[in-house]
Each structure stands twice: as C-alpha cells, then as structure tokens.
Amino acid sequence: MPNFTLTDSQQQALLDAARQARGRAYAPYSNYPVGAAVLDESGRIHAGCNVENAAYPEGLCAEAAALSAMVLAGGRQARAVLVVGSGDDGNWITPCGGCRQKLREFGAPELIIQSASALALGPRHTLAQLLPESFGPGHIKAS
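Notes on the structure in this doc start here. Position numbers for residues start from 1 in each chain and track the written sequence from start to end. At least 70 in pLDDT is required for a residue's local features to be given in this predicted model, at least 80 for side-chain atom pairs to be given and counted, and no such filter applies to totals for whole chains, interfaces and linings, which use all residues. Values shown for side chains rest on all heavy atoms present in the structure; no hydrogens or waters enter the calculation.

1. Structural notes on a nonpolar patch on the surface
Patches draw on residues past 30% relative accessible area with no salt bridge. Two like charges within 9 Å are joined, as are two nonpolar side chains (Val, Leu, Ile, Met, Phe, Trp, Tyr) within 5 Å. Only the protein chains shown count as cover for residues, with accessible areas throughout obtained via the Shrake-Rupley method and a probe of 1.4 Å. The rule for a salt bridge is simple: a side-chain nitrogen of Lys or Arg has to be within 4 Å of a carboxyl oxygen of Asp or Glu. Side chains of Tyr-26, Tyr-29, Val-51, Tyr-56 and Leu-60 sit close together on the surface and give an oily, nonpolar patch of about 520 Å² of accessible area. Residue classification places Val-51 among the partly exposed positions, given a relative accessible area of 36%. Exposure categories follow from relative accessible area, calculated using a 1.4 Å probe and restricted to protein chains: below 20% of the type maximum is buried, above 50% is exposed, and the middle band is partly exposed.

Below, the structure is given as structure tokens:
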C-alpha cells in the first residue's frame, strides 16, 4: 500500500470521534477511559471505546472495538488510527501489544497511529515503529 497522507480535516474528524468515544467508555475498574477512531479505505471513520469487565482479561480495548465497527460497516483497510487516553501529564498512550497485532491485520506497516488526549495531540507513529518486523496476512498463503 502506498504511503497515505492524513489531511488536517481527517485528523480533526478522527480526534472528535475518538474523544466522543472516550466519553462513553466503560472503565469502572481502571478508571482509565480510552477512545479510538479508525479511518478506513473509503474515508469513513469508525469509533470504539474500552469496555472493562470484572474478569479483567475479558475486557475490550478501544482500538479493537473501532476495528470491529469498521469491519461491521464493510471496511477492510485501516488508513489511520487516533487513540485518546489521558495523556495530559505527558504520558501518551499507544495501542497495547494485542491491539498492535489487530491493527496489523487491517493496516500496512505505514499505518498512521496518532496519540491524543482531551486537550492536545500527542506523538504520531507508524505501525512499523510500534510493531517492527511484524507478522501479518501476507505471511500466510491464501488457499
């Protein structure tokens, strides 16, 4: 996939969607709400929030929820992702290891991953920076 350039208006739309999703997160155990938004190959934005569970491993990350919304809507390729956590203290969040692998299923190594908070944009990475030498769909032969 060729490099993708995220426009200012796309970034703002992702930011707005992720912030709104963060506001709906269900995080009674960690008290750490997270929102994520994914821009798909058709220019549509899909949002998700974290949903915790008393049985901790059974919770759902915001990025996984956003990817699920993308797939449900017919999207198959992520072009950009924006993740909103607290970050206001300078400790920006990026997707966890499991979500990085989930993003790899639908995104190329050049996938843009932008961190943000309720107040500001944070650092931007590519998936390759966060998940170097990744294993992806291209490693499995289609049957």
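2. A look at the layout of surface pockets
Whether a set of points on the 1 Å grid over the protein atoms alone is a cavity depends on a 1.4 Å probe fitting there but being unable to get out, while an open set qualifies as a pocket with protein on both sides within 12 Å along at least five of seven lines; lining residues are those with an atom within 4 Å of a point. Grid points are joined across faces, edges and corners, and a volume is the space filled by probe spheres set on the points. Here the largest pocket defines a volume of roughly 250 Å³. Taken together, 17 residues line the largest pocket, and the ones lying closest to its centre are Val-34, Asn-50, Glu-52, Leu-60 and Cys-61. When residues are sorted by character, Ala, Val, Leu, Ile, Met, Phe, Trp, Tyr, Cys and Pro go into the nonpolar class, Asp, Glu, Lys and Arg into the charged class, and all the rest, Gly among them, into the polar class. Classifying every residue of the lining of the largest pocket gives ten nonpolar, five polar and two charged.

3. Let's talk about the nonpolar core
Residues grouped as a nonpolar core are buried Ala, Val, Leu, Ile, Met, Phe, Trp, Tyr and Cys residues, joined through side-chain atoms within 4.5 Å. Core analysis: the biggest nonpolar cluster contains 17 residues, and Val-38, Val-81, Val-83, Leu-103, Leu-111, Ile-113 and Leu-127 have the highest contact counts within it. A run of H or I in DSSP becomes a helix once it reaches four residues, and a run of E becomes a strand once it reaches two; helices and strands are each numbered from the N terminus. Counting residues per element, the ones that place at least two in this core are strand 1 (35-40), helix 2 (62-72), strand 3 (78-84) and helix 4 (127-130). When residues in this core are grouped by element, the largest group, four residues, is from helix 2. Ignoring anything within four residues of it in the chain, the contact list for Leu-127 reads Arg-100, Leu-103, Arg-104, Gly-107, Ala-108, Pro-109, Leu-111 and Ile-113. Leu-6, Ala-18, Ile-112 and Ala-116 belong to the second-largest nonpolar core, a separate cluster that totals twelve residues. The contact criterion used throughout is that any non-hydrogen atoms of two residues lie within 4.5 Å.

4. Details of the pairing of strand 3
With six of its seven residues buried, strand 3 lies for the most part within the structure. When DSSP finds two or more bridges between two strands, those strands count as paired. Bridge count for strand 1 against strand 3 is six bridges, and the pairing is antiparallel. Along strand 3, the bridge assignment pairs Gly-35 with Val-84. Strand direction decides the pairing type here: strand 3 and strand 4 (residues 112-116), joined by five bridges, are parallel. Considered in strand 4, the bridge of Leu-82 is made with Gln-114. Taken together, strand 3, helix 3 (residues 97-106) and strand 4 form a β-α-β motif whose crossover is right-handed. Crossovers are marked right-handed if the path from the first strand over the helix to the second runs clockwise, as seen with the strands pointing away from the viewer.

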